[in-house]
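A closer look at the structure
So you can see what is in the structure, the chains are spelled out below.
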Amino acid sequence: MAKVHLWASLRRFADGQEVVEVEAATVGQMLDALERAHPGLGPAIKAGLSVAVDGEVIANNRAAPVKPESEVFLLQRLKGG
Amino acid sequence: MARDDVKTGYKYVGTRPNRPDGLDKVTGRARYGADFSLPGMLWAAVVRSPHAHARIVKIDASKALALEGVKAVVTRADLPTGLTGEDLNLQDNTLAGEKALYDGHAVAAVAATSQLLAQDAARLIEVTYEVLPHVTDVDAAMAPGAPVIRPGVADYSVPEGMHGNVARYMEFGHGDVEAGFAAADLVREHTYKTEATHQGYIEPHAAVGQLGEDGRGEMWVCTQGHWYIRRMSAAVLGIEAANLRVTPSEIGGGFGGKTTIFMEPLTLALSKKAGGRPVKLVMSRSEVLRATGPTASASMDVKIGMKKDGTITAGQVFFRMQGGAFPGMSPIGEALPCAFACYDIPALKHEAVEVIANRPKAAAYRAPGSPMAAFAVESMVDELCRELGLDPIEVRLKNGAKNGSKSSYGPVYNVIGLQETLEAAKAHPNYAIPLGPNQGRGVASGFWFNHGGETSVSLAVGEDGTATVMIGTPDIGGSRASIGLMVAETLGIPYEDVRVNVVETGALGVNEPTHGSRATFASGKAAVEAANQAIKEMCKRAAAEWEIDAEAVEWKDGAAHPAGPNAGKFPPMTIGEIGSKMGGSGGPISGHHEVTAGGYGASFGTHVVDVEVDPETGRTTVLRYLVVQDAGTAIHPAYVEGQYQGGAAQGIGWALNEEYVYGPDGRLQNPVFLDYRIPVASDLPMIDTVIVEVPNPGHPYGVRGVGETGITPPLPAIASAIAGATGARIRSLPCSPPKVLAAIKALKG
């Protein structure tokens, strides 16, 4: 299962967990699984997130693949100039 | 066309052909936003609030409407209701609702038969205000007793008990920071502040809009992203986005400030009310400064621990940033991960709050958040280096992020080039030049993520063997040239045979703006794929003529060739031959590619600056300036150098002169370039550049973005150089002459 790392101020919406394990083949499935497991994360996910999968930052592609051994970090949605 | 580096094996990538827009721009043939006109066109002017915070009691436009030639007035009452989230924020900023939220906030707009008449009519629109308490400073906005300017603005992230002006909160980190500080030989803690600055693009916002009663419309506009303009304008006006065609003009700078809407929907709203006549609106410089997105102002606490050998043991930051009266606009989400991105430190803690204040709605500005974060962290690293007598480049080499390092914000870095930039800076002759009296040297590194994003590109093969590429990312920094070079390399045809056009919203699928340093990366990546698709089709046409399998044909040097001796003996069929016969061989040949581009690679840079400070006046002169940055691959090195120099120039302005100055009345005191002092050519030396190339494996030619990182290191590098020259550390930008002089005097007691 992919390991999803939550930033510290999100952990209170996920029973204090720093890392949540989810079964998902894509970024979209991973976000949906997170919200199902921890509905308190819903507002953060709906507000828009960037996601780093195995070191690659993915801004908004729900179709991007996630592997069972992937390390995933949630980031606030990044904007550029 | 001379190649800088033959090691790559590329024929066109890495060369410096003349820029395709150069002649148009120096002869005046290039058409910018304000150059566009239509028959029967009206002109618009905007009524703006003179108050930082006020309830709008009444708007009386009767005198304006009575003027001959005045055709329409719009207020918030003309816009649809029921919007939510960011759409509501955009609408609130386009025209104020119940309250004006900052000095310069648009309250009404008028269209008339001439620009002067529109301006006269705007002065006749009477607005009755009830002035409310205001706050413009980021720290003051969080202080007990500060007026809560938009109750209920906090989102899910804000813990209970924070001030009512706090809209967002964020925290992350790793390791045990307290143990890290305990292990350090020296721990220092200070607060650093940066003022809001404006992107300072030379071309003010300009648009011509036309909207009929049937809800169908068009807009010609100066923008970084016309699909964003279309979506946002349609949302604000309650029309179907598909019914709006948006064509971008040539663009005179954007730097992030033209990725959103400010006044553009007003042209459409006025047009509709004026019976569908086109309406033109061109902002004055004062309007640009008062009412379009500057960057955020910031107040930042930093604590760092270092051992005597330069090892950084722990770091901690707490950032407070305000991005105007609208939530979600301050770049805390970018500033925090950028803060320690250049380092590999075992224990870090990051916290930030976004605060709203009575200022204009901030917009992105070149690496949003990163320059402020760098000012705080890199200044502090420099302070520790000076106190411990350590070389600032050696300390960064010792602690700097490498391939495989865990980044400060979590993910592991794959292939990055920070160490290479540090080594190149250390080896550069500038770093060895002896300094004279009142002179100092500053060093700082910087980081930006870069971006890929939604991208759609098409390519058509011409009957004469040329290729025309249609892209949707306006060319701000040379992307037509760089994309042309990559397509020429891929097709194997001369660069001069490739035309790259930025096309309107009706011609391609959705494109994100030119932002996040993505145009050469993402549109370039898609253009290469489109070219490969066209190559496949051209090989197929050649195969059909030769009556062999398409798989037995290969493409090289601009022509189809039999792939080997078994494929048959045929002379190469050039793109010109295939193009000239394509009507009879199956029809036009084209390629297209649509993608949300991934695989972008971060760009790191290191700057070295020498300054001299006049001890009598506090004036700082930049003696020499060096930018070293990893480009991945420099497709067109002259444009890359231009991006490095431009970023440095803007950062130097932010460090030395630029700032938004608000009076006690909450009004902007310096909304003209005479008082808002951006650097001009005579203020700066030639900025030296070194292009480091650590190719990005996520791009067919190794491209990283290069547009943004360069603005990040100048803020701390300049402040550190001034500290070296004077002994006085400026922790609040800008390092203006009065501030530097006061610091020198304070040092002398």
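Residues numbered from 1 in each chain as written. Chains lettered and ligands numbered in written order. Predicted model: local features only at pLDDT ≥ 70, side-chain atom pairs only at ≥ 80, totals over all residues.

**What to know about the overall build of chain A**
In terms of helices and strands, chain A carries 2 helices and 5 strands. Reading the helices (α) and strands (β) of chain A from amino to carboxyl end gives β-β-α-α-β-β-β. Out of the 81 residues in chain A, the part that is buried amounts to 40%. At a minimum sequence separation of 6, the contacts of chain A that also span at least 24 residues come to 51%. (Helix = DSSP H or I, 4+ residues; strand = E, 2+ residues; numbered from the N terminus. Buried ≥ 20, exposed ≤ 12 C-beta atoms within 10 Å, placed from the backbone. Contact = placed C-beta atoms within 7 Å.)

**Looking at the sheet that holds strand S24 (residues 603-613) of chain B**
Residues and elements named next belong to chain B. Overall, mixed pairing links the 4 strands, which are arranged S16-S24-S25-S26 in an open sheet. Taken across any chain shown, the strands that pair with only one partner, and hence form the sheet edges, are strand S16 (439-448) and strand S26 (687-692). Taken over all neighbouring pairs, the strand axes of this sheet differ in orientation by 15° on average, direction set aside. (Pairing = 2+ DSSP bridges. Axes fitted to C-alpha atoms, helices over the stretch in contact; angles between N-to-C directions.)

**Describing helix H14 (residues 519-546) of chain B**
Residues and elements named next belong to chain B. The end-to-end C-alpha distance of H14 is 39 Å, a good match for the 40 Å that 28 residues give at a rise of 1.5 Å each. Of all 28 residues in H14, 21 are buried; the element is thus mostly enclosed. Of the residues trailing H14, glutamate 547 is marked for its positive phi of about 60°. (Expected span 1.5 Å × (residues − 1).)

**Examining the confidence of the model for chain B**
For chain B, mean pLDDT is 97; residues scoring 70 or higher make up 99% of the total. Prediction confidence for the complex, expressed as pTM and ipTM, is 0.97 and 0.94 respectively. (pLDDT = per-residue confidence, 0-100.)

**Description of the packing of helix H6 (residues 226-237) of chain B against helix H7 (residues 264-273) of chain B**
Residue and element names in this part refer to chain B. Running from N to C, H6 and H7 cross one another at 50°; their axes reach a closest spacing of 9 Å. It follows that H6 is oblique to H7 by the angle criterion. Note that H6 runs across H7; the crossing there is right-handed. On H7, the residues touching Ile229, Ser233, Val236 and Leu237 of H6 are Glu264, Pro265, Leu268 and Ala269. (Parallel < 35°, antiparallel > 145°, perpendicular 65-115°, else oblique. Left-handed = near helix turned anticlockwise from the far one by under 90°.)

**A look at the domain arrangement of chain B**
Residue and element names in this part refer to chain B. In terms of domains, chain B is made up of domain 1 (413-449 + 601-748) and domain 2 (452-597). Spacing between the C-alpha centres of domain 1 and domain 2 amounts to 39 Å. Contacts between the two partners involve 14 residues from domain 1, matched on the other side by 14 residues from domain 2. Among the residues making up the side of domain 1 that touches domain 2, the classes are represented as 7 nonpolar, 5 polar and 2 charged. (Domains from an automatic or database assignment. Nonpolar A, V, L, I, M, F, W, Y, C, P; charged D, E, K, R; others polar.)

**A short note on the interface of chain B and chain A**
Taken residue by residue, the interface counts 36 residues in chain B and 24 residues in chain A. Elements represented by at least two residues in the side of chain B that touches chain A include exactly strand S7 (166-174) and helix H9 (332-339) of chain B.

**Here we look at the packing of helix H11 (residues 392-399) of chain B against helix H12 (residues 418-427) of chain B**
Residue and element names in this part refer to chain B. Look at H11 against H12: their axes get within 10 Å of each other, and the N-to-C directions meet at 160°. By the angle between their directions, the pair H11 and H12 is classed as roughly antiparallel. For the pair H11 and H12, the crossing hand works out as left-handed. Here Ile393, Arg396 and Leu397 of H11 lie close against H12, whose contacting residues are Gln419, Leu422, Ala425 and Lys426.

**Examining the nonpolar core**
Residue and element names in this part refer to chain B. Among the nonpolar cores identified, the biggest contains 265 residues, and Ala44, Val110, Ala527 and Ile718 are the most heavily contacted of them. When residues of this core are assigned to their parent elements, the largest contribution, 14 residues, is made by H14. When residues of this core are sorted by domain, at least three fall in each of domain 1 (413-449 + 601-748) and domain 2 (452-597). Those residues within four positions of valine 110 in sequence are excluded, and the remaining contacts are Ala44, Ala45, Ala64, Val70, Val73, Ala118, Ala121, Ala122 and Ile125. (Core = buried A, V, L, I, M, F, W, Y, C linked by C-beta atoms within 7 Å.)

**Observations concerning the pairing of S26(B)**
Residues and elements named next belong to chain B. Here 6 bridges tie strand S25 (residues 620-630) to S26, and the two strands are oriented parallel to one another. Across the sheet, the residue bridging to tyrosine 625 is isoleucine 687, located in S26. This β-α-β element, S25 to helix H16 (residues 637-656) to S26, shows right-handed connectivity. (Right-handed = clockwise from strand over helix to strand, strands pointing away.)

**With respect to unusual backbone geometry**
All names here are of chain B. For the bond running from leucine 733 to proline 734, omega is 0°, close enough to zero to count as cis. When you line up the elements, proline 734 lands in the loop between helix H17 (714-726) and helix H18 (737-748). Although it is not a glycine, glutamate 547 sits at a positive phi angle of roughly 60°. As for its placement among the helices and strands, glutamate 547 is situated in the loop between H14 and strand S20 (553-556). Exposure remark for glutamate 547: the 8 C-beta atoms within 10 Å place this residue in the exposed category. With a phi angle near 50°, aspartate 557 is a residue other than glycine that sits in the positive phi range. Tracing the sequence through the fold places aspartate 557 in the loop between S20 and strand S21 (559-562). C-beta crowding within 10 Å serves as the criterion here: with 12 such atoms nearby, aspartate 557 is assigned to the exposed category.

**Remarks on the pairing of strand S1 (residues 2-5) of chain A**
Along any regular strand the residues' side chains alternate between the sheet's two faces. All names here are of chain A. Direction of pairing for S1 relative to strand S2 (residues 19-22): antiparallel, over a ladder of 4 bridges. Note that in S2 the partner of lysine 3 across the bridge is glutamate 21. Alignment of S1 against strand S5 (residues 71-76), held across 3 bridges, turns out to be parallel. Residue pairing across strands places histidine 5 opposite phenylalanine 73, the latter belonging to S5.

**Topic: the sheet that holds strand S3 (residues 49-53) of chain A**
Residue and element names in this part refer to chain A. The 5 strands lie next to each other as S2-S1-S5-S3-S4, forming an open sheet whose pairing is mixed. Looking at which strands have only one partner, the edges of the open sheet turn out to be S2 and strand S4 (56-58). Adjacent strand axes in the sheet meet at a mean angle of 30°, parallel and antiparallel pairs treated alike. Against the sheet, helix H1 (residues 27-37) engages S1, S2, S3, S4 and S5, with an angle of about 115° to S2.

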